[in-house]
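Tertiary structure, described
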Amino acid sequence: MAGHSQFKNIMHRKGAQDAKRAKQFAKVIREITVATREGMPDPAMNPRLRAAISAAREVNMPKDTVERAIKKASGAGGGDDYAEVRYEGYGPAGVAVIVEGLTDNRNRTASDVRAAFSKHGGSLGETNSVSFMFTRLGVITYPLDAASEDDLIEAGLEAGAENVETVDGMHEVTCPVESFFAVRDALETRFGEPASAKLDWRPSNTVELDEDKARSVFKLIDTLEDHDDVQAVYANFDVPDDVAEKLSA
């Protein structure tokens with residue numbers, strides 16, 4: 001796949017995931033905190049919290065850690081207050097980059113993100129300077145043995161999905177943002193818990209990178225993702241298979 005998903009696959013093959021587990025947990029806990037405070041501590045009544053708990057399962061966060069985070073966030077005046085932020089800019093080779101985060105200090109985060117772009121040959125832009133090149137949508141995935149593609153298409157379309165296809169050995173259901181929770185819940189009721197369910201930014205077109213440019217772009221994305229306040233990074237690049245193999249060697 002093009003873009004950020006391919007970058008993550010390369011990093012997985014390099015064995016970087018174990019070293020980042022603590023950071024992953026911290027990022028998920030922030031999302032659980034914000035979701036709990038926005039709605040209710042009961043996941044059944046709080047769609048965003050259900051999505052956050054699903055994300056916690058994806059990174060193998062222990063159930064008691066999730067429950068403690070919800071309890072802390074629902075306590076009166078307990079814990080930090082986080083604001084949602086989004087930054088947009090251009091990386092090396094003109095690659096468009098969207099950065100989403102949760103922060104308790106907007107000035108600090110903006111300064112750090114700007115510095116990361118500058119250090120790695122990019123530039124931070126204004127809000128909406130690159131998001132027009134992406135489509136915001138919901139993405140729900142299931143293992144191939146969870147259901148037939150026809151059954152998923154039928155159930156997904158009934159719930160408001162736009163497309164179902166096989167991607168990287170998984171069924172992938174995409175839907176408009178406003179239909180995301182309804183589609184996810186309908187599919188979960190019929191087929192069980194999905195492998196993943198999240199909102200995504202998908203590029204309308206991509207920039208193909210050679211090895212040197214790919215390395216530069218990956219360094220920028222890795223630096224951004226390593227920041228405590230950054231929840232997700234999206235970019236509109238494509239790396240040919242032969243270049244990906246060299247980078248993962």
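Reading guide: rules and limits
Residues numbered from 1 in each chain as written. Predicted model: local features only at pLDDT ≥ 70, side-chain atom pairs only at ≥ 80, totals over all residues. Heavy atoms only, no water. UniProt positions renumbered as here; feature names shortened; annotations may be inferred. Helix = DSSP H or I, 4+ residues; strand = E, 2+ residues; numbered from the N terminus. Rg over C-alpha atoms; globule rule 2.2 N^0.38 Å. Buried < 20%, exposed > 50% of the residue type's maximum accessible area, 1.4 Å probe, protein only. Contact = heavy atoms within 4.5 Å. Areas by Shrake-Rupley, 256 points an atom, 1.4 Å probe, with all protein chains shown as cover. Domains from an automatic or database assignment. Buried area = accessible area lost by both parts, 1.4 Å probe. Salt bridge = Lys/Arg side-chain N within 4 Å of Asp/Glu carboxyl O. Polar contact = N/O pair within 3.5 Å; in protein donor to acceptor, adjacent residues only side chain to side chain. Nonpolar A, V, L, I, M, F, W, Y, C, P; charged D, E, K, R; others polar. Pairing = 2+ DSSP bridges. Axes fitted to C-alpha atoms, helices over the stretch in contact; angles between N-to-C directions. Parallel < 35°, antiparallel > 145°, perpendicular 65-115°, else oblique. Left-handed = near helix turned anticlockwise from the far one by under 90°. Core = buried A, V, L, I, M, F, W, Y, C linked by side-chain atoms within 4.5 Å.

An unreviewed UniProt entry annotates the chain as Probable transcriptional regulatory protein CD178_01441 originating from Komagataeibacter saccharivorans. Recorded under Sequence similarities (unreviewed entry), the UniProt text for the chain is reproduced unchanged: "Belongs to the TACO1 family."

1. Concerning the overall build of the chain
Secondary structure assignment for the chain yields nine helices and 10 strands. Relative to the compact-globule value of 18 Å for 249 residues, the chain shows a C-alpha radius of gyration of 18 Å, a close match. With the C-alpha coordinates of the chain rotated into their principal frame, the extents come out at 50 × 45 × 35 Å. By the burial criterion, 45% of the 249 residues in the chain qualify as buried. Taking the contacts inside the chain whose residues are at least 6 apart along the sequence as the reference set, 72% of them involve residues at least 24 apart. When the accessible area of the chain is evaluated, it comes to approximately 12,400 Å², of which 48% is carbon and sulfur surface.

2. A look at the domain arrangement of the chain
How big an interface is tends to be stated in terms of the accessible area lost upon association of its parts. Assigned domains of the chain: these are domain 1 (16–74), domain 2 (83–132 + 205–248) and domain 3 (134–203). Its C-alpha centre places domain 1 at a distance of 21 Å from the equivalent point of domain 3. Tallying the contact residues gives seven residues for domain 1 and seven residues for domain 3. Both sides together, the interface formed by domain 1 and domain 3 hides about 580 Å², and carbon and sulfur atoms give 42% of it. The tally of links between domain 1 and domain 3 comes to two salt bridges. As a salt-bridge pair, glutamate 193 and arginine 57 come within 2.9 Å of each other at their nearest N and O atoms. At the surface where domain 1 touches domain 3, the tally comes to two residue pairs in polar contact (both at pLDDT 80 or more). Counted by class, the side of domain 1 that touches domain 3 contains two nonpolar, one polar and four charged residues.

3. Observations concerning unusual backbone geometry
Unusually for a residue other than glycine, asparagine 128 sits at a positive phi of about 75°. On the secondary structure map, asparagine 128 appears in the loop between strand S3 (123–124) and strand S4 (134–143).

4. Observations regarding the pattern of salt bridges
The final tally for this structure, using the stated rule, is 18 salt bridges. Note that glutamate 31 and arginine 48 form a salt bridge whose closest N and O atoms lie 2.6 Å from each other. Of this pair, glutamate 31 sits in helix H2 (residues 21–38) while arginine 48 sits in helix H3 (residues 47–58), placing them 17 residues apart in sequence. The salt bridge involving aspartate 200 is made with arginine 202; its shortest N-O contact spans 2.9 Å. On the accessibility criterion, aspartate 200 (10% relative accessible area) is buried. Connected through shared salt-bridge partners, Arg30, Asp104, Arg108 and Asp229 make up one network.

5. Quick word on the side chain of threonine 36
Tracing the backbone shows threonine 36 in helix H2. Dropping the residues within four chain positions of it, threonine 36 is found in contact with Pro41, Asn46, Leu49, Ile70, Ala73 and Ser74.

6. Thoughts on the sheet that holds strand S1 (residues 83–90)
Taken together, the four strands give an open sheet; going across it, the order is S3-S1-S2-S9, and neighbouring strands pair in antiparallel fashion. Edge strands, defined here as strands with exactly one partner in the open sheet, are S3 and strand S9 (230–235). Looking at chain direction, S1 and S3 are connected through two bridges and run antiparallel. In the strand pairing of S3, glycine 89 is matched with leucine 124. Together, S1, strand S2 (96–103) and S3 form the strand contacts of helix H5 (residues 106–119), whose direction differs from that of S1 by roughly 20°.

7. Some details on the packing of helix H6 (residues 149–159) against helix H7 (residues 180–191)
Contact pair H6 / H7: the axes reach a minimum separation of 9 Å and the direction vectors enclose 140°. Judged on the interaxial angle alone, H7 and H6 are oblique. Note on packing geometry: the crossing formed by H6 with H7 is right-handed. Within the contact between the two elements, H6 uses Asp151, Leu152, Glu154, Ala155, Gly156 and Ala159 and H7 uses Ala182, Val183, Ala186, Leu187, Arg190 and Phe191. Looking at the contact of H6 with H7 residue by residue, the classes come out as eight nonpolar, one polar and three charged.

8. Digging into the nonpolar core
Grouped together as the largest cluster of nonpolar side chains are 24 residues, with contacts concentrated most on Val97, Leu224 and Phe237. Secondary-structure elements contributing two or more residues to this core are S1, S2, H5, helix H8 (211–226), S9 and helix H9 (241–248). The element best represented in this core is H8, accounting for six residues. When residues no more than four places from it in sequence are discounted, the contact partners of leucine 224 are Val97, Val99, Val113, Ala116, Phe117, Val230 and Val233.

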